[in-house]
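# Per-entry structural report
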Amino acid sequence: MPAPSTPPPAVGSVEDHLLRVAGGDQDAFAHVYDALSPLVHGTALAVLRDPHHAAEVTQEVMVEVWRTATRFEPAKGSARTWAATLAHRRAVDRVRSVQAQRRRDQAALDADVPRPYDEVAEEAEGNLEAARVRHCLGGLTDTQRTAVELAYYGGLSYREVAARLDAALPTVKSRIRDGLLRLRDCLGVVA
């Protein structure tokens, strides 16, 4: 029985095979992949410290080697140096991308955190505001104060206030308007 056929061993340097890859030779890329992928993975792992990210970067770099093999210039350095440089750049880009994503995620989490609510301070502020309103209500005429209180604290409409006070609707509207103007001035509200 004849021995199973095995492909002949690759002849030539990685650089030679990379130049053939630049010409579209897929068989040459298999040799380049076998020769450079451990280096690329090791470089990525050294930068990223995460085997999953390093594996992804390795895949991306080897695809980039296939696509950009025409940019390789043997006179400027070895194929190993070129691939290690591509791997290092891609790994650093991944680190930056992961850090940016973490910052965005943290900012989103921080925005969702409810702000602490200080019940005592809110109650004290509300009491002070209520005291100011009571003081300013005391500065209104009796008819103005009664009309404002019925409308705003009693929840009555102008027509209902007029019926309750047995007064004309235009008179009640004037009393409420004048009372509110005086309250605004007393409370220092800017119109």
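Preceding this paragraph is the structure being described.
Quick summary incoming for the structure in this document. These figures come from a predicted structure and were not determined experimentally.

Criteria and cut-off values
- Residues numbered from 1 in each chain as written.
- Predicted model: local features only at pLDDT ≥ 70, side-chain atom pairs only at ≥ 80, totals over all residues.
- Heavy atoms only, no water.
- Patch = residues over 30% accessible without salt bridge, like charges linked within 9 Å, V, L, I, M, F, W, Y side chains within 5 Å.
- Areas by Shrake-Rupley, 256 points an atom, 1.4 Å probe, with all protein chains shown as cover.
- Salt bridge = Lys/Arg side-chain N within 4 Å of Asp/Glu carboxyl O.
- Lys, Arg positive; Asp, Glu negative; His and termini not counted.
- Charge placed at Lys NZ, Arg CZ, Asp CG, Glu CD.
- Helix = DSSP H or I, 4+ residues; strand = E, 2+ residues; numbered from the N terminus.
- Buried < 20%, exposed > 50% of the residue type's maximum accessible area, 1.4 Å probe, protein only.
- Axes fitted to C-alpha atoms, helices over the stretch in contact; angles between N-to-C directions.
- Parallel < 35°, antiparallel > 145°, perpendicular 65-115°, else oblique.
- Left-handed = near helix turned anticlockwise from the far one by under 90°.
- Contact = heavy atoms within 4.5 Å.
- Nonpolar A, V, L, I, M, F, W, Y, C, P; charged D, E, K, R; others polar.

## Brief notes about a negative patch on the surface
Together, Asp118, Glu119, Glu122, Glu123 and Glu125 line one region of the surface with negative charge. Mapped onto the secondary structure, Glu123 falls in helix H5 (residues 119–138).

## Thoughts on the environment of Gly23
Locating Gly23 in the fold gives a position in the loop between helix H1 (14–22) and helix H2 (26–48). Taking relative accessible area as the criterion, Gly23 reaches 68% and is therefore assigned exposed.

## Some thoughts on the packing of helix H6 (residues 142–153) against helix H7 (residues 158–165)
For the pair H6 and H7, interaxial distance at closest approach is 10 Å and the crossing angle is 135 degrees. In terms of orientation, H6 lies oblique with respect to H7. As for how H6 packs across H7, the hand of that crossing is right-handed. Across from Thr146, Ala147, Leu150, Ala151 and Tyr152 in H6, the residues of H7 making contact are Tyr158, Val161, Arg164 and Leu165. Across the contact of H6 with H7, the residue classes tally to seven nonpolar, one polar and one charged.

## Things to note about the pattern of salt bridges
This structure, assessed with the given rule, holds 10 salt bridges. With a shortest N-O distance of 2.8 Å, Asp25 and Arg20 are connected by a salt bridge. Judged by its relative accessible area of 22%, Asp25 is partly exposed. Between Glu129 and Arg132 there is a salt bridge, with its nearest N and O atoms 3.5 Å apart. Highlighted residues: Glu129 and Arg132, both in helix H5, separated by three residues, approximately one helical turn. Glu129 sits in the partly exposed class, given a relative accessible area of 39%. Exposure remark for Arg132: the relative accessible area of 38% places this residue in the partly exposed category. Linked through salt bridges whose partners overlap, the residues forming this network are Glu56, Glu60, Glu64, Arg90 and Arg94.

So, to be careful, I would describe these as geometric facts and stop short of saying anything about function.
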